[in-house]
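# Overview (structure and organization)
Below, each chain spelled out in residue letters.
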Amino acid sequence: MPGRSARGILDRLKAGVVLGAEGYVFELERRGYIKAGPYVPEVVLDFPDALRELHREFLRAGADVMVALTYYAHRGKLKDVGRENDLEAMNRQAVRIANEVAREGDALVAGDICNTWAYDPKDKEASSRVVRAMYEEQLSWATDEGIDFVIAETNDYLGEALIALQVIKELGLPAMVTLATTRPHQTWDGYGYVDACKILADHGADIVGLNCDRGPATMLPIIEQVRGAVSSYVAAQPVPYKTQASMPTFESLKTADGTNVFPIALEAFLCTRFEMADYARQAQALGVNYVGICCGGAPHYVRAMAEALGRTVPASRYSPAIELHPMIGARVEEKEKEFLVDWKG
Ligand SMILES: [Zn+2]
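Overview of the structure.

Here the focus is the overall build of the chain. In terms of regular secondary structure, the chain is built from 13 helices and eight strands. By its C-alpha atoms, the chain is 70 × 45 × 40 Å across when sized along the principal axes. Every one of the 345 residues in the chain was classed for burial, and the buried ones make up 56%. Separation between the mean location of the 37 positive side-chain charges and that of the 48 negative ones in the chain comes to 3 Å.

Spelled out as structure tokens, the structure:
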């Protein structure tokens with residue numbers, strides 16, 4: 001039963017910016033429910049309440065879309081952790097939980113597929129068959145449970161992204177296809193990021209763009225070029241980390257002594273909520289239609305982004321009122337304030 005919601009993704013994009021929220025895998029890893037390394041979303045079956053709660057937090061923070069946590073819930077990855085038999089149950093339950101929470105508000109549900117690690121451009125024909133079968137089985141369960149559209153994300157290869165797009169279109173659903181950007185200028189099969197987005201749009205992707213890997217500072221310049229090159233909707237879902245020209249992706253971030261911090265020692269590079277609010281405003285000004293966040297994302301960022309876009313969301317009820325802080329608030333004398341803040345470090 002495709003298209004579970006009366007007002008689908010394309011209607012909403014036509015009316016204005018859609019706010020996305022991802023980063024489920026990283027956040028649930030931080031909370032102790034997913035193992036860093038394989039990053040398989042075992043939480044879906046093992047601790048469904050933990051997943052339900054994070055969906056709810058994103059919903060309260062203003063997310064317009066509940067993305068089913070089926071990222072890496074594909075045959076290849078489940079085999080790696082010895083849970084291949086849980087494949088169907090994990091996929092169905094993830095979509096069911098996303099639906100359950102989406103109904104608590106007015107959110108859409110997105111099915112989610114991603115890079116499979118099975119695609120091999122040197123053995124394109126055979127590997128494409130394997131990839132296609134993985135997408136088909138995941139999305140048949142997702143459509144059966146009820147989704148509004150599909151996000152195919154972190155695509156390293158344009159070739160693999162095109163397979164995802166084809167499978168989504170065969171199901172008659174709107175497709176959002178976004179690329180990973182781990183290399184400086186090109187996909188792993190050698191297409192410039194802007195060209196690759198244009199090819200995806202020309203092949204019928206409704207929304208194209210980039211997700212993961214780059215923080216706002218190094219993703220938005222590419223997104224601006226994508227915006228200029230395509231007439232489809234554009235999505236940006238950066239990671240909330242301070243990437244920069246010399247370290248353009250979060251995989252390349254290093255401390256001053258040269259130590260790699262990806263993926264579990266990234267905290268020193270986190271953006272503030274204010275920086276993510278600025279990003280949301282900049283993305284909107286550039287004409288980005290789907291403004292989201294990826295790995296590292298958390299509810300406080302999403303609320304700040306929602307408010308930057310001029311919205312008041314359920315969690316806004318508890319948005320900061322720093323003027324009431326007993327040590328740095330408005331009622332504290334300026335001199336005293338300096339002393340207290342200095343002293344507390
Ligand atoms: Zn990510």
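Side chains on a regular strand alternate between the two faces of the sheet. A large share of strand β7 (residues 233-237) lies buried, amounting to four of its five residues. Here strand β6 (residues 207-211) pairs with β7 via five bridges, running parallel. Within the sheet, the bridge partner assigned to V208 lies in β7 and is V234. A crossover connection joins β6 to the parallel β7 through helix α10 (residues 216-229); in handedness this β-α-β unit is right-handed. The pairing of β7 with strand β8 (residues 290-291) spans two bridges and is classified as parallel. Paired with A235 across the bridge in β8 is Y290. Note that the unit made of β7, helix α11 (residues 273-286) and β8 has a crossover that is right-handed.

For the rest of this paragraph, the subject is helix α7 (residues 124-145). Look at α7: 31 Å from first C-alpha to last across 22 residues, which is about the 32 Å you get at 1.5 Å a residue. Taken together, the buried positions of α7 are occupied by S127, S128, V131, M134, Y135, E137, Q138, L139, W141, A142, T143 and E145. Contacts made by the buried residues of α7 are with α5 (75-80), α6 (87-102), β3 (108-114), β4 (149-155) and α8 (158-170). The first or second residue beyond α7 is G146, which carries a positive phi of 110 degrees.

All right, on to the coordination of the zinc ion then. C212 (SG), C294 (SG) and C295 (SG) make up the full set of protein donors to the zinc ion, lying at 2.2 to 2.3 Å. The motif formed by the donor residues of the zinc ion, counted along the single chain, is C-x81-C-C. With C212 in the loop between β6 and α10 and C294 in the loop between β8 and α12 (299-308), the pair connects residues that are 82 residues apart, well separated along the chain. Summarising the burial analysis for this pair, C212 and C294 share the class buried.

Here we take up the packing of aromatic side chains. A ring pair, where both rings are aromatic, is described by two values, the distance of the centres and the angle of the planes. Scanning the entire structure with this criterion turns up ten aromatic pairs. Ring geometry for Y24 against F58: centres 5.0 Å apart, planes inclined by 80 degrees, an arrangement best described as edge-to-face. Here Y24, found in helix α2 (residues 24-30), pairs with F58, found in helix α4 (residues 48-60); they are 34 residues apart in sequence, far enough to count as distant. You can call Y24 buried: its relative accessible area is 4%. Taking the relative accessible area as the measure of exposure, F58 reaches 0% and is therefore buried. Ring geometry for F26 versus Y39: centroids 5.6 Å apart, planes at 20 degrees, classification stacked. One end of the pair, F26, is in helix α2; the other, Y39, is in the loop between α2 and α3 (43-46), and 13 residues separate them in sequence. Like Y39, F26 is buried. Clustering of aromatic rings is evident, with ring pairs tying together F26, Y39, Y241, F250 and F262.

This part covers the pattern of salt bridges. A side chain with one charge can pair with a side chain of the opposite charge if their charged atoms come near. In the structure shown here, the tally under the stated rule is 24 salt bridges. Close ionic contact of R52 with E100 constitutes a salt bridge, the shortest N to O distance being 2.7 Å. Here R52 is found in helix α4, whereas its partner E100 is found in helix α6, with 48 residues between them in sequence. In this structure E100 comes out as partly exposed when scored by relative accessible area, which is 32%. Between R56 and E53 there is a salt bridge, and its shortest N-O distance comes to 4.0 Å. In this pair, R56 and E53 are both assigned in helix α4, three residues apart and thus about one turn of the helix distant. Accessibility expressed as a relative area gives 34% for E53, which makes it partly exposed. Each of E88, R92, R96, D144 and E145 takes part in salt bridges that share partners, so that together they form one network.

Quick notes on the rules
- In this convention, every chain numbers its residues from 1, walking through the sequence in written order.
- Whole-chain, interface and lining totals are the exception, using all residues; otherwise, since this is a predicted model, local features are given only for residues with pLDDT of at least 70 and side-chain atom pairs are given and counted only at 80 or more.
- Here the side-chain values reflect all heavy atoms present in the structure, with hydrogen atoms and water set aside.
- The secondary structure listing takes helices from DSSP runs of H or I that are at least 4 residues long and strands from runs of E that are at least 2 residues long, numbered from the N terminus.
- Working definition: with a 1.4 Å probe on protein chains only, accessible area under 20% of the residue-type maximum means buried, over 50% means exposed, and in between means partly exposed.
- Only four residue types enter the tally: Lys and Arg on the positive side, Asp and Glu on the negative side; His and the chain ends are excluded.
- Charge positions come from single atoms, namely NZ of Lys, CZ of Arg, CG of Asp or CD of Glu.
- Strand pairing follows a simple DSSP-based rule, namely that at least 2 bridges must link the two strands.
- The definition of a right-handed crossover adopted here requires that, viewed with the strands pointing away, the path from the first strand over the helix to the second runs clockwise.
- For a helix, the expected span equals 1.5 Å multiplied by the residue count minus one.
- Contact criterion: two residues are considered in contact whenever any of their non-hydrogen atoms come within 4.5 Å of each other.
- For Na, K and Ca the donor cut-off is 3.2 Å, and for all other metals it is 2.8 Å, counting N, O and S atoms only; because water is absent from this set, sites may look incomplete.
- Centres within 6.5 Å make a pair out of two Phe, Tyr or Trp rings, where for Trp the six-membered ring is used; the pair is then stacked when the planes are under 30 degrees apart, edge-to-face when over 60, and tilted otherwise.
- Throughout this description, the term salt bridge denotes a Lys or Arg side-chain nitrogen within 4 Å of a carboxyl oxygen of Asp or Glu.

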